[in-house]
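A closer look at the structure
These are the residues of each chain, in order.
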Protein chains: 2
Amino acid sequence: MVTGSDGPGGDVGALGEFALIRAVAARLPQTAQVHLGPGDDAAVVAAPDGRVVATTDVLVEGRHFRTDWSSARDVGHKAAAANLADVAAMGARPTALLVGLAMPPETPVVWALGLAEGLGDECAPLGASVVGGDVVASPVLTVAVTALGSLDGREPVTRSGARAGDVVAVAGRLGWSAAGLAVLSAQAQGHDDVVEAHRRPRPPYAQGPQAALAGVHAMCDVSDGLLADLGHVAESSGVAVDLDLAALAPDPPLLAAAATTGDDARSWVLTGGEDHALVACFPSGAVPPGWRQVGVVNAGSGVTVGGVPWPGAAGFDHFASAASEARGDPPRGYHPATWQPPRPAS
Amino acid sequence: MVTGSDGPGGDVGALGEFALIRAVAARLPQTAQVHLGPGDDAAVVAAPDGRVVATTDVLVEGRHFRTDWSSARDVGHKAAAANLADVAAMGARPTALLVGLAMPPETPVVWALGLAEGLGDECAPLGASVVGGDVVASPVLTVAVTALGSLDGREPVTRSGARAGDVVAVAGRLGWSAAGLAVLSAQAQGHDDVVEAHRRPRPPYAQGPQAALAGVHAMCDVSDGLLADLGHVAESSGVAVDLDLAALAPDPPLLAAAATTGDDARSWVLTGGEDHALVACFPSGAVPPGWRQVGVVNAGSGVTVGGVPWPGAAGFDHFASAASEARGDPPRGYHPATWQPPRPAS
């Protein structure tokens, strides 16, 4: 929770709903594909091939972000990235975001404006913009983002098209966000590269449409962890996936962070979410530049690593995590038991 | 907050995120205009004229609904209606909903399924369906809904097109939801008609496209109160609006409820939101069937009733309401000071 009655510009309760919406909208440049932007009952956005791709993700303070670990702009970038990566994972190009923002009245106005700027900045390089939203009061700071996108005439890439004989390939980082979270949780110093990756993921947006053009069979973004998300692909497609541990060696910054926190960097690579890498199943020989092969698709079911199941949890389940808290299990990342009241905004 | 470890099917924490999503998705029939429904990274929906209308609203427990006053299905109907009415207010036809659901792990599974059914049931008669969403854990039950729609080749109807000489007309109910809220707040018996209207608004969806076909100049839905929402139209259009109090006589169920609660039924009509009536400015002589004239558009600015400003608040501001709570003002509707822990679900 952020408080800021002493912050510049006061809090959102004093400013009021409608003035806040005007201030936010004024910071959101619109692209040519926006027929009607913020300020009316609804926005109107181009859907050039007669279809629209749409996805929603919700981020809750204390569970998906902490305001003492991430700035408002960071949270905006992260909330946008989570949704824009889902659009890319369909082989589509993002066109617009809508944001539903629920926040305590004592939230500083500058926090709400920073969030809007982070959302806008994350989608601007993709040619997308924030076209609308809603702001309401709530005891818990919650950011609900919807992303829209265009397939530009292509067929959507689903999770269910993988076939035995396909090659499994990844674009983007694996385990960086989990490493950053571990560093923050341990209150360790340094490791700015992974901490920054946790605050602002860098999904490989352009690789989504590129994979579609290359004839990819199945694709999804890695939001719950590579094993968990490939588990969804394997189940939807009725196939088995075997990963090659040698192809999934942790990047040097992860090894450095793991040496500090005492964690296993390979676990971050295999089970860490929130980097929003893309993982896809290509016909053999069709893996495009920018993707690296990490496994193969076989007949059967389930996901294995070097032919055997991975020992330990495959990834993140929001409610299983919450239930684990109730049982008094050791904390893992965002967790009420480790939650400290943040410093007031200055 | 709902709790239901003793309810049928257990709670969402025990079921887990992915099983819950599967159970919800199984209850959501899809229409022909859905190219790809729930279960992948994103949905794909038809946008037949190459544009998509999109809007988001967030409902927070204790502020927009109470689980002891409304069933899960009621909340689903209400959350859908708030968004579908925004689509209609653009002159558009709803095509799809996405829902972001944040809830405590102890929320009964039957509550989450009931919400999904309410959402689906509200949009089914319009030919729309729930195509995707997200479920996460949160201390506060929060429902974020995004609605998509099609203009079917028409231009969007904005708030900014009203002109001096236009006729102001309303379709749908005014003040019913506010009356129902007052009855519930007073813990009064009876008045089921307005209580039901509060639980499940009945927006005049079809009148939105109908108004567009009739050449309407400006339109919006009444979500914050007639005076407040017409204030937005007047400001956006650079005109004044004068309402005719005689044309805004409260319906008999409102007069009956006001006799019980001691409120002024005219205030409910002028300042009550959440019925999601449509209010529009038509060229003189162009008011279509199903609409009733309630005022006129003049040169100038602001909204008056019979030529004079209405005494008292014009409508609902989420943050002003929360700030009022902090000052210790008397409670108004949903309010922590009047909030009682609900009965456990049985």
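Structural data are supplied above this passage.
Residues numbered from 1 in each chain as written. Chains lettered and ligands numbered in written order. Predicted model: local features only at pLDDT ≥ 70, side-chain atom pairs only at ≥ 80, totals over all residues. Heavy atoms only, no water.

A word on the overall build of chain A
Selection criterion: Helix and strand definitions follow DSSP, with helices as H or I runs of at least four residues and strands as E runs of at least two, each counted in order from the N terminus. Burial classes follow relative accessibility: with a 1.4 Å probe on protein chains only, a residue under 20% of its type's maximum area counts as buried, one over 50% as exposed, and anything between as partly exposed. In what follows, residue pairs with any heavy atoms lying within 4.5 Å of each other are defined as contacts. For the area figures, the Shrake-Rupley method with a 1.4 Å probe applies, and any residue is considered shielded solely by the protein chains shown.
Tallying secondary structure elements over chain A gives eleven helices and twelve strands in all. Going through the 346 residues of chain A one by one, you find that 60% of them count as buried. Taking the contacts inside chain A whose residues are at least 6 apart along the sequence as the reference set, 86% of them involve residues at least 24 apart. In the form shown here, chain A has an accessible surface area of approximately 12100 Å², with 54% of it arising from carbon and sulfur atoms.

Re the sheet that holds strand S4 (residues 93-103) of chain B
Put simply, the test is: Any two strands between which DSSP finds at least two bridges are classified as paired. For every element, the axis is a line fit to its C-alpha atoms; helices are fit only across the contacting stretch, and the angle between N-to-C directions ranges from 0 to 180 degrees.
With mixed pairing, the six strands of this open sheet are ordered in space as S1(A)-S2(A)-S3(B)-S6(B)-S4(B)-S5(B). At either margin of the open sheet sits one strand with a lone partner, and together these are strand S1 (34-36) of chain A together with strand S5 (129-137) of chain B. The sheet shows a mean angle of 25° between the axes of neighbouring strands, taken without regard to direction. When strand S3 (residues 51-60) of chain B meets strand S6 (residues 142-150) of chain B, the two strands line up antiparallel, connected through eight bridges. Note on S6 of chain B: the bridge partner recorded for Leu59 of chain B is Val143 of chain B. Contacts from helix H4 (residues 109-123) of chain B reach S4, S5 and S6 of chain B within the one sheet, and its direction differs from that of S4 of chain B by about 165°.

Description of the relation of the copies chain B and chain A
Short version of the rule: A least-squares superposition brings the copies together, and it is based on the C-alpha atoms of residues with pLDDT no lower than 70 in both.
Least-squares fitting of chain B to chain A yields an RMSD of 0.0 Å, with the superposition described by an axial translation of 0.0 Å and a rotation of 180°. In symmetry terms, the pair is related by a two-fold rotation axis. Using C-alpha coordinates, one finds that chain B approaches the rotation axis most closely at Gly50 of chain B, a distance of 2.3 Å.

Digging into empty space enclosed by the protein
Rules: The method works on a 1 Å grid over the protein atoms by themselves. A cavity is a set of points holding a 1.4 Å probe that cannot get out, a pocket is an open set with protein on both sides within 12 Å along at least five of seven lines, and residues with an atom within 4 Å of a point line them. Grid points are joined across faces, edges and corners, and a volume is the space filled by probe spheres set on the points. Three classes are used: nonpolar for Ala, Val, Leu, Ile, Met, Phe, Trp, Tyr, Cys and Pro, charged for Asp, Glu, Lys and Arg, and polar for all others, with Gly counted as polar.
Under the definition given, this model contains two cavities of 30 Å³ or more. As a volume, the largest cavity reaches approximately 40 Å³. Those elements giving two or more residues to the lining of the largest cavity turn out to be strand S4 (93-103) and strand S6 (142-150) of chain A together with S6 of chain B. Across the lining of the largest cavity, the residue classes break down as five nonpolar, six polar and no charged.

Looking at the packing of helix H5 (residues 176-185) of chain B against helix H6 (residues 192-199) of chain B
Residues and elements named next belong to chain B. Worth spelling out the cut-off: For classification purposes, angles smaller than 35 degrees are called roughly parallel, those larger than 145 roughly antiparallel, those between 65 and 115 roughly perpendicular, and all remaining angles oblique.
Put simply, H5 and H6 touch, their axes get as near as 7 Å, and they point 110° apart. Judged by the inter-axis angle, H5 sits roughly perpendicular to H6. Together, Trp176, Ser177, Ala179, Gly180, Leu181, Val183 and Leu184 of H5 and Asp193, Val194, Val195, Ala197, His198 and Arg199 of H6 make up the contact between the two elements. Across the contact of H5 with H6, the residue classes break down as eight nonpolar, three polar and two charged.

Structural notes on unusual backbone geometry
Apart from glycine, the bulk of residues carry a negative phi angle, and the bulk of peptide bonds sit in the trans form. Not every positive phi belongs to a glycine, and His276 of chain A is a case in point at roughly 55°. Examined against the element boundaries, His276 of chain A turns out to sit in the loop between helix H10 (265-271) and strand S10 (277-282). Residue His276 of chain A is classed as buried on the basis of its relative accessible area, which comes to 7%. With phi around 55°, Gln187 of chain B is a residue other than glycine that occupies positive phi space.

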